[in-house]
Every structure is written in structure tokens, then in C-alpha cells.
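Residue-level structure breakdown
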Amino acid sequence: MFNINNILRENIKNLTPYSSARDEFQGEASVFLDANENAFGSPLEDQYNRYPDPLQYNVKMRLSEIKGVPARNIFLGNGSDEAIDILFRSFCNPGVDNVILVPPTYGMYEVSANINDVKAKKVSLTTDYQLNLEGISEAIDEHTKMIFICSPNNPTGNSINRDDIETLLANFDGLVVVDEAYINFSRQKTFIQELTEYSNLVVLQTLSKAWGLAGLRIGMAFASEEIIEVMNKVKPPYNINEASQQLAIKALANVDQVNEWIKETLAQRDKLVLKLKDLDFVLDIYPSDANFILVKTTDPKGVYNFLVKKGIIVRDRSKIDLCEGSLRITVGTPAENEILIDTLKQFK
Ligand SMILES: Cc1ncc(COP(=O)(O)O)c(C=O)c1O
């Protein structure tokens, strides 16, 4: 049975979080002399001289409406990368605990593990990029605190079988972190509706991909209230700045625009796949549920360098196990995709 107290670090359990000026006074007032801000204003058109809301209430209310998840089950991070780091800092004792990663997958899980001196036990995906459940089960020991599953997976693009993720959720006594950075492009259902079913579930999403706000740095974690409380206790007090909060609220009113882009991206992805298939140096294109495709070629380095010379940058993933020969290509605008294909046709 999952119990948060069994996996929480002792120092975090006992932590008294930083209490900011705005935590200590909440209510109506006209003179704020409590936070050592500049009372005159900002040397800008917009005013940023006041600290932002530490718990980002207004952004979360809007997200709650869109996602159908109560605000108390939402954590906001400076990108989902911050949420990943905070999970490590909250639940993993440096030099003692470990997590399970299933490569090839998103690189930050391992970097965060290394930063926090937490061992990353790797259980490779199968050759069809699915979970090796038996391998994962063998790798779990008494110090295993988290399992990271990226679905749709970066860099392979496919979704991970839902039943397999549910098997982990039902049988593992630590956290199962399901990173859904690319969920808006997926045919699969999100896991955020399963929070009431699984108390050990953490779902990560981001405004950096489909929402087109990578520069604002806003990532989301959805989890039980008790997990969210821990993450809020550990995060820096003002981790989402005022400009990002205001712009996120504005952007979140434009759901229709985002849905249109998603549709167009998927149509462009299908077109791109058809055209890439015609190129004789393309060996395989893996089925994608994301806004990128993994393309196996006869000469990844050659293709990569050729594209760079023409001012087109893709991601060379050919050195990664199970991705030998492969380039990861993000779906661009119709014009960008056309330039890519026209350029690739010139590659010898
Ligand atoms: C799977 C996955 N998770 C998380 C992130 C990071 O997202 P953010 O911009 O919210 O930090 C990325 C970025 O590429 C990603 O591919």
C-alpha cells in the first residue's frame, strides 16, 4: 500500500517552509511596507514591483477549468523540469535512494537524479519501445522511490501502453511519474482523471509544447493534495514570476487557437511521414503520438550535417541505445516542413 510518509524524506517531513511577507498577510490593504519592494514602481510600462502570488491561485483556477482537476491538486513549476527536480528533492535521500528510468527517454530525469546524488536504475524499453515490466519489477528494491514514464515518449514519439502503466501504479509503493508533455498531440487519454484512483500517481504536463509558451517556463504537476502540499513546501517561494502568471492567464483563454494548431500539427506530421518515406536514405519512421518524429536513416551524421549547412536544425539521437541511426525531427509550420523536405531531397 502506498503511504506518502513511507517515502517522504525525514528532513522534508520536518521542514518549516519559508514564510514570505505575502504568506503572513492576506487581505485588503492600501499600503504595503512588508516586503522591501520598491514602492515607486517599475521602470517599465507594466508594473512588476510587487512579488507575485507564491501559489499562483488565478493561473491554477483557469487550469482547473480546462483540465477538470481541482486547483488543490495542481502544482506549478518553472517548467516541468523544476517539478522533476522538486520530486527528487522531496522524496529521494541523496546517496541512499534510487529511481527507475526506462531509456530511451527524456534526459532530464537522469540529470536531476545525478544532481541530487540519486542512483538512476535503467531498465531499457523493449525494441518496440514499450515497458519491460518484468525488468522493472526486478529492479525495484526497498530504496526505489520513483519510476519515470514518459508518454508519449521523447525521443521515440510513441505512447506507452496504458495497461502497463496501470500495472505499475497498482503494484509499486513509490511514486509513478507519468510525463505527459506531449499529451495534447496523442490519441491516448491523459492520466489526470485517475488521480482519485491512484494516490501514488504524479502526472506532469507543460505549457511549453502545444500551448506554445516554452519561453514563459510553466510546467504542471497533478497529484494528490498531500503530494502537492509537499512540493509547494519545497519549491522556491516565488517560482513563477508575475509576467509569466499574467501571460499564462491570457494565453489560457485561447484554447481554440491551440486546438487549431494541434490539428494542423497532426496533419503536417502525417504529410511529413509520407514524404520522408520516399527518401532512399530513410530506413524507418516510428509511429508518433507527439509533435515530432523519430526517423531512422542510413547516415544520421551526414544528414544532420547537411541540414545544418542549409540552416536547418534537427536533433541527432543516433548515439542513444535503441535509437541507432535516428534523427528526431520536430513538426514545423507547413512552410518549414516544405523547406525540410526540399532540402532532404538534395542529400546524396
Ligand atoms: C518529456 C518532456 N518532459 C518535460 C520537458 C520539459 O518541459 P518544460 O519546458 O516544461 O520544462 C520536455 C522538454 O522537451 C520533455 O520533452
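Residues numbered from 1 in each chain as written. Predicted model: local features only at pLDDT ≥ 70, side-chain atom pairs only at ≥ 80, totals over all residues. Heavy atoms only, no water.

Turning our attention to the site of the ligand. Around the ligand, a shell composed of 13 residues is seen, among which S80, D179, T206, S208 and K209 lie nearest. Measuring from a nitrogen atom of the ligand, one finds a side-chain N or O atom of D179 at 2.6 Å. The separation between an oxygen atom of the ligand and a polar side-chain atom of K209 is 2.7 Å. For the ligand, whose unbound accessible area comes to 400 Å², protein coverage reaches 92%. When its residues are assigned to classes, the shell around the ligand shows four nonpolar, five polar and four charged. (Near = heavy atom within 4 Å. Polar contact = N/O pair within 3.5 Å; in protein donor to acceptor, adjacent residues only side chain to side chain. Areas by Shrake-Rupley, 256 points an atom, 1.4 Å probe, with all protein chains shown as cover. Nonpolar A, V, L, I, M, F, W, Y, C, P; charged D, E, K, R; others polar.)

For the structure shown, the criterion picks out two cavities of 30 Å³ or more. When its volume is computed, the largest cavity comes out at roughly 80 Å³. As for the largest cavity, its lining consists of S151, P152, S159, I160, R162, I165, E180, I183, S186, Q188, K189 and F191. Within the lining of the largest cavity, the residues separate by chemical class into five nonpolar, four polar and three charged. In this structure, the second largest cavity spans a volume of roughly 40 Å³. Forming the boundary of the second largest cavity are L276, F281, V282, V295, T297, V303, L327, I329 and L344. (1 Å grid on protein atoms, 1.4 Å probe; cavity = no way out; pocket = protein on both sides within 12 Å on 5 of 7 lines; lining within 4 Å. Points joined across faces, edges and corners; volume = space filled by probe spheres on them.)

What follows deals with the layout of surface pockets. Of the voids in this model, the largest pocket is the one considered here, and its volume is about 620 Å³. Around the largest pocket sit 26 residues that line it, and T330, V331, G332, T333 and E336 are the ones nearest its centre. Sorting the residues of the lining of the largest pocket by element identifies α11 (255-277), β11 (326-330) and α13 (334-344) as the ones contributing at least two each. Across the lining of the largest pocket, the residue classes tally to twelve nonpolar, nine polar and five charged. In terms of lining, the second largest pocket is formed by R22, D23, F25, Q26, G27, F32, R50, Y51, P52, D53, P54 and L55. Broken down by class, the residue content of the lining of the second largest pocket amounts to six nonpolar, two polar and four charged. (Helix = DSSP H or I, 4+ residues; strand = E, 2+ residues; numbered from the N terminus.)

With that settled, consider the UniProt feature "modified residue: N6-(pyridoxal phosphate)lysine" (unreviewed entry) in the protein chain. Mapped onto this numbering, the UniProt entry gives "modified residue: N6-(pyridoxal phosphate)lysine" (unreviewed entry) at K209. Looking at where K209 falls in the secondary structure, it is placed in the loop between β6 (201-206) and β7 (219-222). Discounting residues that sit within four places of it in the chain, K209 has contacts with A181, Y182 and F185. Polar contacts involving the side chain of K209 include one to the side chain of Y182, which spans 3.4 Å. (UniProt positions renumbered as here; feature names shortened; annotations may be inferred. Contact = heavy atoms within 4.5 Å.)

All right, on to α13 then. Buried within α13 we find N337, L340, I341, T343 and L344. Projected down its long axis, α13 carries its buried residues within an arc of 165°, all on one side. For α13, the elements touching its buried residues are α11, α12 (300-309) and β11. (Buried < 20%, exposed > 50% of the residue type's maximum accessible area, 1.4 Å probe, protein only. Arc of directions from axis to C-beta.)

Take unusual backbone geometry next. With an omega of 0°, the peptide bond between P103 and P104 qualifies as cis. By the secondary structure assignment, P104 is in the loop between β2 (98-101) and α6 (108-115). N154 connects to P155 through a cis peptide bond whose omega is 15°. Here P155 lies in the loop between β4 (144-150) and α8 (162-171).

With respect to the helices and strands, S20 occurs in the loop between α2 (10-13) and α3 (21-24). For S20, the side chain forms a polar contact with the side chain of Y238, separated by 3.4 Å. Ignoring any residue separated from it by four or fewer positions in sequence, one finds S20 in contact with P54 and Y238.

Let's shift gears to the UniProt feature "domain: Aminotransferase class I/classII large" (unreviewed entry) in the protein chain. Per the UniProt record, the feature "domain: Aminotransferase class I/classII large" (unreviewed entry) sits at residues 47-344. For the annotated span residues 47-344, helix accounts for 38% and strand for 17% of the residues, and the straight-line distance between the end C-alpha atoms is 48 Å.

Right, let's get into the side chain of D85. For D85, the location among the structural elements is in helix α5 (residues 80-91). For D85, the contacting residues outside a window of four places in its chain are S112 and N116.

A separate point is the pattern of salt bridges. For the structure shown, the criterion picks out 13 salt bridges. Note that R162 is salt-bridged to E166, the shortest N-O span being 3.7 Å. Highlighted residues: R162 and E166, both in helix α8, separated by four residues, approximately one helical turn. Relative accessible area serves as the criterion here: at 24%, E166 is assigned to the partly exposed category. Of the charged contacts, one joins R269 and D270 as a salt bridge, the two residues approaching to 4.0 Å between their closest N and O atoms. Owing to a relative accessible area of 5%, R269 belongs among the buried residues under this scheme. Given a relative accessible area of 46%, D270 falls into the partly exposed group. Residues participating in the shared-partner salt-bridge network are R162, E166 and E194. (Salt bridge = Lys/Arg side-chain N within 4 Å of Asp/Glu carboxyl O.)

Turning next to the sheet that holds strand β10 (residues 315-316). In space, the four strands of this open sheet follow the order β8-β9-β11-β10, with antiparallel pairing throughout. Edge positions in the open sheet fall to β8 (282-285) and β10, since each of these has one partner strand only. Looking at chain direction, β10 and β11 are connected through two bridges and run antiparallel. Across the sheet, the residue bridging to D316 is L327, located in β11. Relative to the sheet, α11 contacts β8 and β9 (292-297), its axis offset from that of β9 by approximately 10°. (Pairing = 2+ DSSP bridges. Axes fitted to C-alpha atoms, helices over the stretch in contact; angles between N-to-C directions.)

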